[in-house]
Amino acid sequence: MTTLFEATHEVGDLSEWDDSSGTIAVNASAAMAGTSSGADFTLSASSNAHLAAEFTASSDQLHIRFYVDRDNEIQGNSEEHRCLFKFGANDQGGLMFGTTSGGSKYGRLFIKNDGRTSTSWGAQTTWDSGAQYIEIVIYKATGPAAGDAYAEWYSDGVLKERSPAAGGIDLYDDWPDEFQFGGWYQDTNTSGNIYFDQVKIADDLSMIGPHIAGGAGRAGGAARAGGGTRAGGSGRAGSGAR
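Residues numbered from 1 in each chain as written. Predicted model: local features only at pLDDT ≥ 70, side-chain atom pairs only at ≥ 80, totals over all residues. Heavy atoms only, no water.

Some remarks on unusual backbone geometry
- Note that the residue after Ser163, namely Pro164, is joined by a cis bond; omega there is -5°.
- With a phi close to 60°, Ala33 is a non-glycine residue in the positive phi region.
- With respect to the helices and strands, Ala33 occurs in the loop between strand E3 (24-27) and strand E4 (38-42).
- Of note, Gln198 is a non-glycine position whose phi angle comes to about 50°, a positive value.
- By the element assignment, Gln198 lies in strand E17 (residues 191-202). (Helix = DSSP H or I, 4+ residues; strand = E, 2+ residues; numbered from the N terminus.)

Below is the structure:
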């Protein structure tokens, strides 16, 4: 596995990140996966907060793994954060967090094409309560006009959503080189806290999988999943590998 970026927050501050803004504390309340510290975001409708990491990916597949707990996040019914997780300096995609008219939390995966002239929006997918690890996998188009790029969202190793649901989108020239987590343009009733921890970004053909407290690297070893062959194209991670 080629690790492009990693933030554990065990250093007790935000120095592992390339940029930060807003009200974010590193404390034990936000720790997940058996660790001692995590990032605690204080949400507000009147201010933004985010963390940013920059990297250079050489593969046609990008994996972003992080732990998140939304149980203390408050939004009004039918409200949606503009973005809580996004990738690419030009916002090439991400995972939006929202609340339905009935008050249930959901996530919504999206991905944009080169030049950001078209966006593939996923469905409002039910959000599981409690701490969980999210892995976003982005598959680069096989050529500048191939139109076969897509993204997948896994929660605790289970596929939650694919965007587009079928087919692909033209994402090749604007391949992501930045990751951000935070709140932007939040709705009026947004408040509370989101916990965020154990971030790892890698660019190979294997799933990163869960963090192993006190361990070294990927759960299940460094074997590549899926034999290095993309489904319908040029390389894809197998969903069951760690």
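Some points on a negative patch on the surface
- A cluster of like negative charges, contributed by Asp18, Asp19, Glu54 and Asp177, occupies part of the molecular surface.
- Within the fold, Asp19 resides in strand E2 (residues 19-21).
- Look at Asp19 and you get partly exposed, because its relative accessible area is 40%. (Patch = residues over 30% accessible without salt bridge, like charges linked within 9 Å, V, L, I, M, F, W, Y side chains within 5 Å. Areas by Shrake-Rupley, 256 points an atom, 1.4 Å probe, with all protein chains shown as cover. Salt bridge = Lys/Arg side-chain N within 4 Å of Asp/Glu carboxyl O. Lys, Arg positive; Asp, Glu negative; His and termini not counted. Charge placed at Lys NZ, Arg CZ, Asp CG, Glu CD. Buried < 20%, exposed > 50% of the residue type's maximum accessible area, 1.4 Å probe, protein only.)

A few points about the side chain of Glu161
- As for its position among the elements, Glu161 is in strand E15 (residues 158-163).
- Although Glu161 is buried, it forms no salt bridge, and the closest oppositely charged side chain is Arg108 at an N-O distance of 6.4 Å.
- Of the polar contacts made by the side chain of Glu161, one reaches the backbone nitrogen of Ala123; its length is 2.4 Å.
- When residues no more than four places from it in sequence are discounted, the contact partners of Glu161 are Gly107, Arg108, Leu109, Gly122, Ala123, Thr125, Ala151, Glu152 and Trp153. (Polar contact = N/O pair within 3.5 Å; in protein donor to acceptor, adjacent residues only side chain to side chain. Contact = heavy atoms within 4.5 Å.)

Quick notes on the pairing of strand E10 (residues 105-112)
- With respect to burial, E10 is a largely interior element, six of its eight residues being buried.
- Taken together, the seven bridges between strand E9 (residues 93-99) and E10 define a ladder with antiparallel strand orientation. Opposite Leu95, over in E10, you have Leu109 as the bridge partner.
- The hairpin formed by E9 and E10 contains five residues between the paired strands, and Gly103 there has a positive phi angle of roughly 95°. (Pairing = 2+ DSSP bridges.)

Regarding the environment of Gln61
- By the secondary structure assignment, Gln61 is in strand E6 (residues 61-69).
- Looking at Gln61, the relative accessible area reads 0%, which means it is buried.
- For Gln61 and Ser206, which are 145 residues apart along the polypeptide, the C-alpha to C-alpha distance reads 9.2 Å.
- A polar contact of 2.8 Å, which involves the side chain of Gln61, links it to the side chain of His63.

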